[in-house]
Amino acid sequence: MKVSVADVLVAGGGAIGLSVAEAAARRGLSVTLLERERVGARASWAGAGMLNCRPWPRTTRGGPDYFDLLLASIRLHEQWAARLLEETDIDVGFRRCGAVELYTPERNDAKGVGQIGRLLEGCAARGVRCQRINAADVKALEPRVAVQDIVAALHLPDDAQIRPPRFARALALSCRQREVVVNEGAAVADVWIEDGQARGVVMSDGTRHGAGSVVMCTGAWTGQFETLRRLAPRIGRIEPVRGQSRCVRAW
Ligand SMILES: Cc1cc2nc3c(=O)[nH]c(=O)nc-3n(C[C@H](O)[C@H](O)[C@H](O)COP(=O)(O)OP(=O)(O)OC[C@H]3O[C@@H](n4cnc5c(N)ncnc54)[C@H](O)[C@@H]3O)c2cc1C
């Protein structure tokens, strides 16, 4: 049974799915977003929100690469945070807080030293401020860090951060303000393909949602879709893994 037709159908309501839905809706497209659980409750809730780039030097091939994209993305986050605050009244917590990277004795081998050199070179080539600092500088920046075991340190003053739960909440509200149909508790079973074209998605209860375009934003669970695995077998290797992050008050 076909239950709806949208210009764009987004599967997965994390930061990526919500951003895609919001961007499409802003361009006047009708958008439906299908989320198996609740929007913004998975990686986009757990993420630490660090917006940073540790670029390697450019390859000789030239042209923009992954690190250029990353840097452009970080720059856009600042404007994005301002727009979301204006539109939703939610402060996503964008801050150019800077970062200090510490190297302990285990990283004081040829590989670790080589990495610092490459990082400094890569940053210089792309205008990312990155400076080698000593223990006294680390203490001045972060007085509660124990510096006795630190063999090297870098200061990257342009690193930024956001608060991922607030970011997802703001994106979800922005989507709703733009009339994106957000369906929570809606599990997609697979992409619906007919005559070699994506026509929409098949839901776990067998119903179908039709769409002009389908965007799969199911993050670490993307390996579950048979059609995608058939098109690109490596997708089958994507799976969620368990991890932990820790948030400490440093002052
Ligand atoms: C502990 C941790 C720390 C991190 N720290 C950082 C950091 O500091 N900086 C940084 O840039 N990144 C960080 N990340 C990575 C970042 O959080 C993720 O890259 C980002 O949130 C991914 O967003 P997503 O929308 O792709 O995934 P998710 O937020 O996981 O969204 C995918 C959504 O798809 C839904 N879904 C799955 N299957 C289906 C289905 N069949 N039907 C419908 N919906 C489905 C899920 O329920 C989920 O809501 C961190 C991640 C983790 C886990």
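Heads up: the structure comes first, above all this text.
Cut-offs used in this document
- Residues numbered from 1 in each chain as written.
- Predicted model: local features only at pLDDT ≥ 70, side-chain atom pairs only at ≥ 80, totals over all residues.
- Heavy atoms only, no water.
- Helix = DSSP H or I, 4+ residues; strand = E, 2+ residues; numbered from the N terminus.
- Buried < 20%, exposed > 50% of the residue type's maximum accessible area, 1.4 Å probe, protein only.
- Phe/Tyr/Trp six-rings, centres within 6.5 Å; stacked < 30°, edge-to-face > 60°.
- Core = buried A, V, L, I, M, F, W, Y, C linked by side-chain atoms within 4.5 Å.
- Domains from an automatic or database assignment.
- Contact = heavy atoms within 4.5 Å.
- Near = heavy atom within 4 Å.
- Polar contact = N/O pair within 3.5 Å; in protein donor to acceptor, adjacent residues only side chain to side chain.
- Areas by Shrake-Rupley, 256 points an atom, 1.4 Å probe, with all protein chains shown as cover.

A few points about unusual backbone geometry
Unusually for a residue other than glycine, Asp-89 sits at a positive phi of about 70°. The backbone of Asp-195 sits at a positive phi, close to 50°, despite the residue not being glycine. Residue placement: Asp-195 occurs in the loop between strand 9 (188-194) and strand 10 (197-203). Residue classification places Asp-195 among the exposed residues on the basis of a relative accessible area of 69%.

Concerning the packing of aromatic side chains
Given two aromatic rings, their pairing is described by the distance between the two centres and the angle made by the two planes. Counted according to the given criterion, the structure contains two aromatic pairs. Ring centres of Tyr-66 and Phe-67 lie 5.3 Å apart, and the angle between their planes is 65°; this geometry places the pair in the edge-to-face category. Aromatic side chains Trp-80 and Phe-167 sit 5.0 Å apart centroid to centroid with 90° between the ring planes, which places their arrangement in the edge-to-face category. In this pair, Trp-80 sits in helix 3 (residues 66-88) while Phe-167 sits in helix 6 (residues 164-177), placing the two residues 87 residues apart along the sequence.

A short note on the nonpolar core
The biggest cluster of nonpolar side chains holds 41 residues, and the ones touching the most others in it are Leu-18, Val-31, Leu-33, Phe-167 and Val-180. Within the residue set of this core, elements represented by two or more residues are strand 1 (2-11), helix 1 (15-26), strand 2 (31-35), helix 3, helix 4 (110-126), strand 6 (152-156) and helix 6. Residue contributions to this core reach at least three from each of two domains, namely domain 1 (1-45 + 164-251) and domain 2 (50-162). If we ignore the near neighbours within four places in the chain, the residues touching Phe-167 are Ala-15, His-77, Trp-80, Leu-84, Val-92 and Ile-162.

With respect to the site of the ligand
By nearness alone, 26 residues border the ligand, and Glu-35, Ser-44, Ala-48, Met-50 and Val-188 come closest of all. In the environment of the ligand, an oxygen atom lies 2.6 Å from a nitrogen or oxygen atom belonging to the side chain of Glu-35. Take Met-50: an N or O atom from its main chain is 2.8 Å from a nitrogen atom of the ligand. Considering the ligand on its own, with 1000 Å² of exposed area, one finds that the protein chains cover 74% of that surface. Among the elements of the structure, helix 1, strand 2 and helix 2 (43-46) are those that each provide at least two residues to the shell around the ligand.

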